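One-letter residues, chain by chain:
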Protein chains: 2
Amino acid sequence: MNSKAETIRNKIVSTADELFYRQGFNHTSFTDIAKAVGISRGNFYYHFKTKDDILAAVIENKKASIKQILTEWDETIPQAKDRLTQYINMIVDYQDHIVKYGCPIGTVCTELNKLKNINYNNATDMIMLFKDWITQQFILLGHDKEKAEHLSMHLLTCTQGISVIGQAFNDAAFIKREADTLKQWLESL
Amino acid sequence: MNSKAETIRNKIVSTADELFYRQGFNHTSFTDIAKAVGISRGNFYYHFKTKDDILAAVIENKKASIKQILTEWDETIPQAKDRLTQYINMIVDYQDHIVKYGCPIGTVCTELNKLKNINYNNATDMIMLFKDWITQQFILLGHDKEKAEHLSMHLLTCTQGISVIGQAFNDAAFIKREADTLKQWLESL
DNA sequence: GTCTATACGCAGATAGAC
DNA sequence: GTCTATCTGCGTATAGAC
C-alpha cells in the first residue's frame, strides 16, 4: 500500500468515525461516507471489503487515540489528581459536541451493544481503556485496588450520565455545573 | 375503530416499543414488528401510515406509562424521600434489561436525538416527566426551586450513567452497588 | 380488516473498464 | 487506484383482491 492509499484510508476512517458518532453506525451509509470523503462508492471497496471492516478500523483508530491522549496526560501532568481533573475537564472542553451528539465513545458503545448480531461488543474496550487508566490514578492516590476500581467506575458513570442528560436537554451550562460538582467530589476523597 | 383493531394497534405499539428499545429504532424494520405481532406487513399499514407514526405512538405510550407510574408512587408512597428511593430502586429492579439494552428511555432518546431529520427530539419529554417529578420531590423535602432542579438533574445524571456503564460492562452487581451509593447520597442531603 | 402482490428506492457489495 | 455500471436484497410504502 502506497502513501496515497494510506492517506485515503485514514481519511475514510476519520470520516466514518465522525459520521458514526453524529448519525449513528446503522444510519450511516457507504454513500454518506464516500460523499464526505470525496470518492466514489466503487473506489471505497478497494480500501474496505465490508461496512463491518470500516467499523473495526474506526474502533481501532479510536482506541489508539485514547491510548495516545492518556499517555500524553501521564507524561505531561505530574500529579494523579490533576490528571483526573483533566479527564473531567475533557467533557467541558468537548461540551459543544456532547450537547449535539452525546459522548463519542458512550453513544457508539450503546448503539453497538444492541446489535448483537455483529461482534463489536469489543467497542466497550474503548471505555475499558479509560477505566483501567482512571483506576491506576486512584491507586496512585493511595486507594487499594478494589476501592480504586469502584471509584473509577463511579467517575465513568458520572461523565457518561452527564453526556446523556447534557445531550437530551441540549444544556451546556448543566455540563459545566456537573463537572464542577465532580471536581469537588474528587477533592473531597 | 372497533375493539379488535384497538387491540391490534396496542399490540403493534407495545411490540414496536420493545423492539425499538432492544434493537434501536433505525435497526427495526416493519418486517420485524409485523413478524413479532403476527400480522402481515400489508395489514400493518391499516393501523399506521408511516414508521414515524409508529414512533410517535410509541413515545406517547411511554409518556402515558411514565405518568401512570409516577402518579401511582405519589398515591401509594407517603414520604417524598421514600418516593425518590423507589425511583432509584427501579434501576435495580430492571437491571436484567439494563445490562442488555441500557435504559429504555435514555438509549432511545440518545438515538433519536442524533436523527435530526425527523422531529422526535420530543423524545426528551419522557425524561422531562421524570425531571419535573423528581424536582417536585426535592421541593417537598425543603429545597428551593433552583436547588431542587439541580438535584433532580443530578439524580437523572447518575441513573443514566449507571445504565450506560451497566450495559457497556454487562455488570448487574455494579448497578446494585451504584444504586446503594445513590441512596446514601439521598440520605445525606 | 386482513391478506397477497408489487412498486420503488437505497442499502451493501461486485465486475470490469480505464 | 479510481471510476462507472450493475447485481441483489431489503427497506418503506401502495394497490387491490378477498
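Residues numbered from 1 in each chain as written. Chains lettered and ligands numbered in written order. Predicted model: local features only at pLDDT ≥ 70, side-chain atom pairs only at ≥ 80, totals over all residues. Heavy atoms only, no water.

Undergrad: Mind showing me how you'd approach the overall build of chain A here?
TA: A count of helices and strands for chain A gives ten helices and zero strands. N-terminal to C-terminal, the α/β element order of chain A is α-α-α-α-α-α-α-α-α-α. Along the first, second and third principal axes, the C-alpha set of chain A runs to 55 × 35 × 30 Å. Each of the 189 residues in chain A was classed as buried or not, and the buried ones make up 50%. Long-range contacts, defined here as pairs at least 24 residues apart, represent 65% of the contacts in chain A between residues at least 6 apart. Of the roughly 8,800 Å² that chain A leaves accessible, carbon and sulfur atoms contribute 49%. Treating the 22 positive side-chain charges of chain A as one cloud and the 23 negative ones as another, the clouds have centres 6 Å apart. (Helix = DSSP H or I, 4+ residues; strand = E, 2+ residues; numbered from the N terminus. Buried < 20%, exposed > 50% of the residue type's maximum accessible area, 1.4 Å probe, protein only. Contact = heavy atoms within 4.5 Å. Areas by Shrake-Rupley, 256 points an atom, 1.4 Å probe, with all protein chains shown as cover. Lys, Arg positive; Asp, Glu negative; His and termini not counted. Charge placed at Lys NZ, Arg CZ, Asp CG, Glu CD.)

Undergrad: Any chance you could explain the relation of the copies chain A and chain B here in plain terms?
TA: When chain A is brought onto chain B, the operation consists of a screw motion whose angular component is 180° and whose axial shift is 0.0 Å, with 0.0 Å RMSD remaining. Considering both components of the superposition, the chain copies are consistent with a two-fold axis. When each C-alpha of chain A is compared by its distance to the rotation axis, A:G161 comes out closest, at 1.8 Å. The overlap is high: 100% of the interface residues of chain A also sit at the interface in chain B, so the same surface is used on both sides. (Least-squares fit on C-alpha atoms with pLDDT ≥ 70 in both.)

Undergrad: Whenever I open this one, the packing of aromatic side chains confuses me. Can you help?
TA: Remark: the centre distance and the inter-plane angle together describe each pair of aromatic rings, the angle taken between the planes. Residues and elements named next belong to chain A. Taken as a whole, this structure holds 16 aromatic pairs over all chains when the rule is applied. For the pair F138 and W185, a centre-to-centre distance of 6.3 Å together with 75° between the ring planes defines the contact as edge-to-face. Here the residue F138 occupies a position in helix α8 (residues 124-140), and W185 occupies one in helix α10 (residues 172-188), the gap between them amounting to 47 residues. According to the relative accessible area criterion, F138 is buried, its value standing at 0%. (Phe/Tyr/Trp six-rings, centres within 6.5 Å; stacked < 30°, edge-to-face > 60°.)

Undergrad: Explain the interface of chain A and chain B to me, please; I cannot follow it from the model alone.
TA: Size of an interface: often given as the accessible area lost when the parts come together. Contacts between chain A and chain B engage 38 residues on the former and 38 residues on the latter. A buried area of about 3,300 Å², summed over both sides, lies between chain A and chain B, and 64% of it is on carbon and sulfur atoms. Together, A:K114, A:M153 and A:F169 form the three largest contributors to the area buried by chain A at its contact with chain B, with a combined 21%. Seen at the junction of chain A and chain B, the total is zero salt bridges. Taken together, the elements giving at least two residues each to the side of chain A that touches chain B come down to α1 (3-23), α6 (95-101), α7 (106-112), α8, α9 (145-168) and α10 of chain A. Looking at the side of chain A that touches chain B, the element that brings in the most residues is α9(A), giving 13 residues. Among the residues making up the side of chain A that touches chain B, the classes are represented as 15 nonpolar, 15 polar and eight charged. (Buried area = accessible area lost by both parts, 1.4 Å probe. Salt bridge = Lys/Arg side-chain N within 4 Å of Asp/Glu carboxyl O. Nonpolar A, V, L, I, M, F, W, Y, C, P; charged D, E, K, R; others polar.)

Undergrad: So what exactly am I meant to see when it comes to the domain arrangement of chain A here?
TA: Residues and elements named next belong to chain A. With domains assigned, chain A is organised as domain 1 (1-49) and domain 2 (57-188). When domain 1 packs against domain 2, close to 1,100 Å² is buried across both sides, 65% of that on carbon and sulfur atoms. Three residues stand out in domain 1 for area buried against domain 2, namely D17, Y21 and F25, and they jointly supply 55% of the buried area on that side. The interface formed by domain 1 and domain 2 includes one salt bridge. Among the residues forming the side of domain 1 that touches domain 2, the class breakdown is six nonpolar, two polar and three charged. (Domains from an automatic or database assignment.)

Undergrad: Just checking my understanding: could you explain the protein's contact with DNA strand D for this structure?
TA: If you check the shell around DNA strand D, you find 17 residues, and the closest are A:S40, A:N43, B:F30, B:Y45 and B:K51. Among the atoms of DNA strand D close to the protein, meaning within 4 Å, 68% are from sugar or phosphate groups. Between DNA strand D and A:S40 there is a distance of 3.0 Å, counted from a phosphate oxygen to a backbone nitrogen or oxygen. Here a base nitrogen of DNA strand D sits 3.0 Å away from a polar atom, N or O, in the side chain of B:Y45. Elements with a minimum of two residues in the surface near DNA strand D: α1 and α3 (41-47) of chain A together with α2 (30-37) and α3 (41-47) of chain B. It is α3(A) that provides the largest number of residues to the surface near DNA strand D, a total of four residues. Across the surface near DNA strand D, the residue classes tally to five nonpolar, nine polar and three charged. (Near = heavy atom within 4 Å. Polar contact = N/O pair within 3.5 Å; in protein donor to acceptor, adjacent residues only side chain to side chain.)

Undergrad: Honestly, the pattern of salt bridges in this entry has me stumped. Any pointers?
TA: Any two side chains of opposite charge can pair if their charged atoms end up close together. Under the definition given, this model contains 17 salt bridges over all chains. Across the salt bridge formed by A:E149 and A:K131, the nearest N and O atoms sit 3.0 Å from each other. Remark: A:K131 occurs in helix α8 and A:E149 occurs in helix α9; sequence separation between them is 18 residues. Note on A:K131: relative accessible area 10%, which makes it buried. Taking the shortest distance from any N to any O, the salt bridge between B:K63 and B:E60 comes out at 3.6 Å. Of the two residues, B:K63 and B:E60 are both situated in helix α4 (residues 51-76); the distance of three residues between them amounts to about one turn of the helix.

Undergrad: How should I be thinking about the nonpolar core in this particular structure?
TA: Burial of nonpolar side chains together is a common tendency in soluble globular proteins. Grouped together as the largest cluster of nonpolar side chains are 114 residues, with contacts concentrated most on A:Y87 and B:Y87. Apart from residues no more than four positions distant in its own chain, B:Y87 is found in contact with B:W73, B:F130, B:W133, B:I134, B:L155, B:L156 and B:T159. (Core = buried A, V, L, I, M, F, W, Y, C linked by side-chain atoms within 4.5 Å.)

Undergrad: Hey, could you run me through the protein's contact with DNA strand C in this one?
TA: As a matter of local geometry, DNA strand C sits amid 16 residues, with A:F30, A:Y45, A:K51, B:S40 and B:N43 nearest to it. Backbone atoms, meaning sugar and phosphate, make up 72% of the atoms of DNA strand C lying within 4 Å of the protein. At 3.0 Å from a phosphate oxygen of DNA strand C is found a main-chain nitrogen or oxygen belonging to A:K51. Between DNA strand C and B:N43 there is a distance of 3.0 Å, counted from a phosphate oxygen to a side-chain nitrogen or oxygen. For the surface near DNA strand C, the secondary structure elements donating two or more residues are α2 (30-37) of chain A together with α1 (3-23) and α3 of chain B. With four residues, the top contributor of residues to the surface near DNA strand C is α3(B). In the surface near DNA strand C, the residues fall into five nonpolar, nine polar and two charged.

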